[in-house]
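Breakdown of the fold
Below are the chains, spelled out letter by letter.
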Amino acid sequence: MQEYNHSFNYRLQTNKWGEMEMLQIKDLSLHVEEGGSSVEILRNINLSFEEKKFYAITGPNGGGKSSLAKVIMGIVKPTQGSIYFNGEDITSLGITDRAKRKMGYAFQQPPRFKGFKIKDLLNLSFGEETSEQAICDVLLEVGLCAQDYLNRDVDASLSGGELKRIEIATVIARDLTLAIFDEPEAGIDLWSFQKLVETFKKMHKDKETIMIIISHQEKILRLADEVIIIADGTVKEQAKRDDIMPRIVQDLECGCNKTCDIGGSADAEPIG
Amino acid sequence: MLSQLDKKLLEKVADLHEIPQGAYNIRKNGSGIGRNTTNNINIVNKTDQSGIDIIVKPGTVNESVHIPVILSTEGFQDMVYNTFDIGEGSDVLVVAGCGIHSGGDENSQHDGVHDFIVRKGAKMRYVEKHYGEGDGTGKRILNPKTIITVEQDGVAEIELVQIKGVDQTIRDTEVYLHNNARLIVTERLLTYADQEAESKITVELLGEESTAQIISRSVAQDQSKQIFYLNMLGKNKCRGHIQCDSIIMDQAVVRAVPEISAYHTDAQLIHEAAIGKIASEQILKLMSLGLSENEAEEKILEGFLK
Ligand SMILES: Nc1ncnc2c1ncn2[C@@H]1O[C@H](COP(=O)(O)OP(=O)(O)O)[C@@H](O)[C@H]1O
Ligand SMILES: [Mg+2]
């Protein structure tokens, strides 16, 4: 026991501020074979995520955000590098084992299930037979009225935004150390989005879950302690929110993210 | 007296734990072993052939009739012709089904014709489950033929289920719909090992404003084979919709042969058929909730066939 604890602590590193690094990604790369040649999706990623913190990942489409999330969840195997979670090398663990270690991932494009009722899927998420009340509560968290949805099938009859909210609910229902949400705002109306923002805050506060939200929404970026920018398959920047936000907002306002001619002159006339 | 084995078969095919409430007729190895009639539902033997007539009086509501068949002697070949007369304005549940236990090496077979007339304004829900078990090499064979005529304003809801243990089946269903008659068919089929199943459903929409919906879902595993012939003929102003969905696994073979024919300009008919393996995204999603790959697959099939 003594020895186990020893080796356990040995891996669990603290950063320069003395905070526990729960998830560490080291020298991680991902290549996929396509038409006989190898395509690089992720390149030399090094990141660490500390307990109880809130992270936002942003960056251009095709930058590699979802690929990184899938590698963390074990859905995709990296070509190189290693992943440590809670002091354990989980690089070779499958999806199920990572889920059992309290990691969760809300898909960017969730699958539909013929013959599954929403309550069946949420029952699986809770992991055991749970009360209907608990299922209703979690539906409410994503802005869905339980009465209307409990017995509906998770099939093509749901709109994109409804399906997306069910997907988010399957992750909120779980008791997690780490939760990744992949563009949760996609297809969701303004009212429901507002509700989701509150829900993410609450989940983070009540369950002390490490939140990693892949998003393009300023409202979500503003919730984060740290913002990570991923582009061209690699980490462009990881910084405290307050350091990075002014630059992101400026980039967005002038409509480009490389060099910016208008920069500085905040009152420049928008074109068109 | 019912043996433990008989009770198990009855539970599988008719959800019966005890002798049913209401009208029933239980047939075991070719002869009737129990019958009950009510004031509104009569059951009489046919005189010219093997089988029974079930007569539901007009206006009978909230009653049910169970007519399960069980075969538990090795190598038994059974054949019946049952006729159902569902009286005007009634609303009843009919539960049929056949359970076969064969321990030996000879084939056991039950062939049956169920011939229904659902009279004006009547509503009938018909549930037919097939189940087989036993270790012998003898094949368990079921060949049901179902003929249903639904008169004006009548409704027939049909549930056909075969999940386990039937080695060979050829199922033939014919439905005739008159003015404003409605039909809903739900078919669930699972085959595995060397099982073979053929399902043929032909619906003739004869009457104005008649509607029909067939939802067929199947799973084919191992070396099993399935063939579906789903056919709708629109002969009046009517609407018909066929959805035929199969999950194929292992070395199984599934054929879906759709046919829709219109004989009237106001006939609206749709046929959708899809065959494919379990979507890997579904398995990944359930694994990310903590299920193993096998558990995920089981849950997906279970939901699909529910
Ligand atoms: N299995 C794959 N095969 C080939 N290319 C892929 C595969 N998965 C992702 N990609 C490519 O990798 C890049 C990053 O994709 P993704 O991680 O989905 O980006 P993001 O989520 O940041 O928009 C994209 O160009 C995408 O087309
Ligand atoms: Mg993405």
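Here's a quick rundown of the structure.

What about the overall build of chain B?
Across its full length, chain B holds three helices and 20 strands. Reported as C-alpha extents along the three principal axes, the dimensions of chain B are approximately 55 × 55 × 35 Å. Across the 306 residues of chain B, 53% fall into the buried class. Excluding contacts between residues fewer than 6 apart, the proportion of contacts in chain B whose partners are at least 24 apart in sequence is 79%. Looking at chain B as shown, the accessible area adds up to about 13,100 Å², and 45% of this sits on carbon and sulfur atoms.

With respect to the sheet that holds strand 3 (residues 54–58) of chain A
By way of backbone hydrogen bonds, the strands of a sheet pair with one another, either parallel or antiparallel. Residues and elements named next belong to chain A. Across the sheet, six strands lie side by side as 6-7-8-3-9-10; this open sheet has mixed pairing. Strands with a single pairing partner mark the edges of an open sheet, and in this sheet they are strand 6 (103–106) and strand 10 (234–240). Averaged over all adjacent pairs, the angle separating strand axes in this sheet is 15°, with direction ignored. Taken together, the four bridges between strand 3 and strand 8 (residues 210–214) define a ladder with parallel strand orientation. Within strand 8, the position partnered with A56 by the bridge is I213.

Digging into the coordination of the magnesium ion (ligand 2)
All names here are of chain A. Of the protein atoms, only S66 (OG) and Q108 (OE1) coordinate the magnesium ion (ligand 2), at distances of 2.0 to 2.2 Å. Of this pair, S66 sits in helix 2 (residues 65–73) while Q108 sits in the loop between strand 6 and helix 4 (118–126), placing them 42 residues apart in sequence. Taking the relative accessible area as the measure of exposure, S66 reaches 18% and is therefore buried. The class of Q108 is partly exposed, set by a relative accessible area of 28%.

Details of the interface of chain A and chain B
Tallying the contact residues gives 24 residues for chain A and 19 residues for chain B. For the pair chain A and chain B, the number of links is three salt bridges. Among the ionic pairs, D120 of chain A bridges to K306 of chain B, the shortest N-O distance being 3.2 Å. If you look at where chain A meets chain B, you find seven residue pairs in polar contact (both at pLDDT 80 or more). Partitioned by chemical class, the residues of the side of chain A that touches chain B number 13 nonpolar, five polar and six charged.

Thoughts on helix 5 (residues 132–141) of chain A
Think of an α-helix as turning once every 3.6 residues; residues three or four places apart then point the same way. Residues and elements named next belong to chain A. Of all the residues in helix 5, the buried ones are I135, C136, V138, L139 and E141. Tucked inside the fold, the buried residues of helix 5 contact helix 4, helix 6 (146–149), helix 7 (160–172) and helix 8 (190–207). Positive phi shows up at G143, right after helix 5, with a value of about 80°.

Topic: the sheet that holds strand 19 (residues 253–262) of chain B
All names here are of chain B. Reading across the sheet, the nine strands line up as 3-4-7-9-11-13-15-17-19 and stay open at both edges, with mixed pairing between neighbours. Whereas interior strands pair on both sides, the edge strands pair on one side only; in this sheet they are strand 3 (41–45) and strand 19. Strand-to-strand twist across the sheet, computed as the mean angle between neighbouring axes with direction ignored, equals 10°.

Remarks on the packing of aromatic side chains
Residues and elements named next belong to chain B. Tallied over the entire structure, the rule returns six aromatic pairs over all chains. With a centroid separation of 4.7 Å and an interplanar angle of 65°, the aromatic rings of F116 and Y126 are classed as edge-to-face. Linking F116 in strand 9 (residues 108–118) with Y126 in strand 10 (residues 123–133), this pair joins segments that are ten residues apart in sequence. There is no split in this pair, since F116 and Y126 are both buried.

Some words on the pairing of strand 7 (residues 178–182) of chain A
Residues and elements named next belong to chain A. The buried count for strand 7 comes to five of five residues, which makes it a mostly enclosed element. Neither face of strand 7 is open: one carries L178, I180 and D182, the other A179 and F181, and all of them are buried. In this structure, strand 6 lies alongside strand 7, joined through four bridges in parallel fashion. Residue pairing for strand 7: G104 is matched across the bridge by A179. Judged from the five bridges that link them, strand 7 and strand 8 form a sheet pairing that is parallel.

Overview of the site of ligand 1
Residue and element names in this part refer to chain A. Neighbouring ligand 1 are the residues V32, E34, I41, P60, N61, G62, G63, G64, K65, S66 and S67. Between ligand 1 and the protein, one listed contact pairs an oxygen atom with a backbone N or O atom of G62 at 2.7 Å. Contact between ligand 1 and G63: an oxygen atom at 3.2 Å from a main-chain N or O atom of the residue. Expressed as a share of its isolated accessible area of 570 Å², the protein-covered part of ligand 1 is 59%.

A look at helix 1 (residues 4–14) of chain B
Residue and element names in this part refer to chain B. Of all the positions in helix 1, only D6, L9, L10, V13 and A14 are classed as buried. On an axial view of helix 1, the arc spanned by its buried residues comes to 100°, and they lie on one face. On its buried side, helix 1 packs onto strand 1 (23–28), strand 5 (61–66), strand 6 (69–71), strand 8 (91–101) and strand 10.

Points about unusual backbone geometry
Even without a glycine there, the phi angle at D27 of chain A is positive, about 45°. Residue D27 of chain A is classed as partly exposed on the basis of its relative accessible area, which comes to 45%. The backbone of N62 of chain B shows a phi angle near 55°, a positive value even though the residue is not glycine. Its location among the elements puts N62 of chain B in strand 5.

Quick notes on the side chain of R98 of chain A
Residues and elements named next belong to chain A. Following the sequence through the fold, R98 ends up in helix 3 (residues 95–100). Despite its burial, R98 pairs with no opposite charge, the nearest such side chain being D89 at 7.4 Å. From its side chain, R98 meets the backbone oxygen of V71 in a polar contact 3.0 Å long. Contacts of R98, omitting those with residues within four sequence positions, involve V71, I72, M73, G74, K77, I83, I90, T91, L93 and M103.

A look at the environment of D189 of chain A
Residues and elements named next belong to chain A. By the secondary structure assignment, D189 is in the loop between strand 7 and helix 8. Along the primary structure D189 and K219 are separated by 30 residues, whereas in three dimensions their C-alpha atoms are 14 Å apart. In terms of polar contacts, D189 uses its side chain to reach the backbone amide nitrogen of S192, at 2.8 Å.

Focus: the state of the cysteines
Under the criterion given, the structure shown has zero disulfides over all chains. No disulfide involves C244 of chain B; its sulfur sits 20 Å from the nearest other cysteine sulfur, which is in C238 of chain B.

Structural notes on the pattern of salt bridges
Residues and elements named next belong to chain A. Under the definition given, this model contains 35 salt bridges over all chains. Where K236 meets D232, a salt bridge forms, and the shortest distance between an N and an O atom there is 3.6 Å. Overall, K236 belongs to the partly exposed group, its relative accessible area being 47%. The exposed category is assigned to D232, whose relative accessible area is 59%. Here the salt bridges share partners, and the residues they tie into one network are E50, K53, E226 and K240.

Criteria and cut-off values
Residues numbered from 1 in each chain as written. Chains lettered and ligands numbered in written order. Predicted model: local features only at pLDDT ≥ 70, side-chain atom pairs only at ≥ 80, totals over all residues. Heavy atoms only, no water. Helix = DSSP H or I, 4+ residues; strand = E, 2+ residues; numbered from the N terminus. Buried < 20%, exposed > 50% of the residue type's maximum accessible area, 1.4 Å probe, protein only. Contact = heavy atoms within 4.5 Å. Areas by Shrake-Rupley, 256 points an atom, 1.4 Å probe, with all protein chains shown as cover. Pairing = 2+ DSSP bridges. Axes fitted to C-alpha atoms, helices over the stretch in contact; angles between N-to-C directions. Donors = N, O, S within 2.8 Å, 3.2 Å for Na, K, Ca; no water. Salt bridge = Lys/Arg side-chain N within 4 Å of Asp/Glu carboxyl O. Polar contact = N/O pair within 3.5 Å; in protein donor to acceptor, adjacent residues only side chain to side chain. Nonpolar A, V, L, I, M, F, W, Y, C, P; charged D, E, K, R; others polar. Phe/Tyr/Trp six-rings, centres within 6.5 Å; stacked < 30°, edge-to-face > 60°. Near = heavy atom within 4 Å. Arc of directions from axis to C-beta. Lys, Arg positive; Asp, Glu negative; His and termini not counted. Disulfide = S-S within 2.5 Å.

All we've got here are geometric facts, nothing functional implied.
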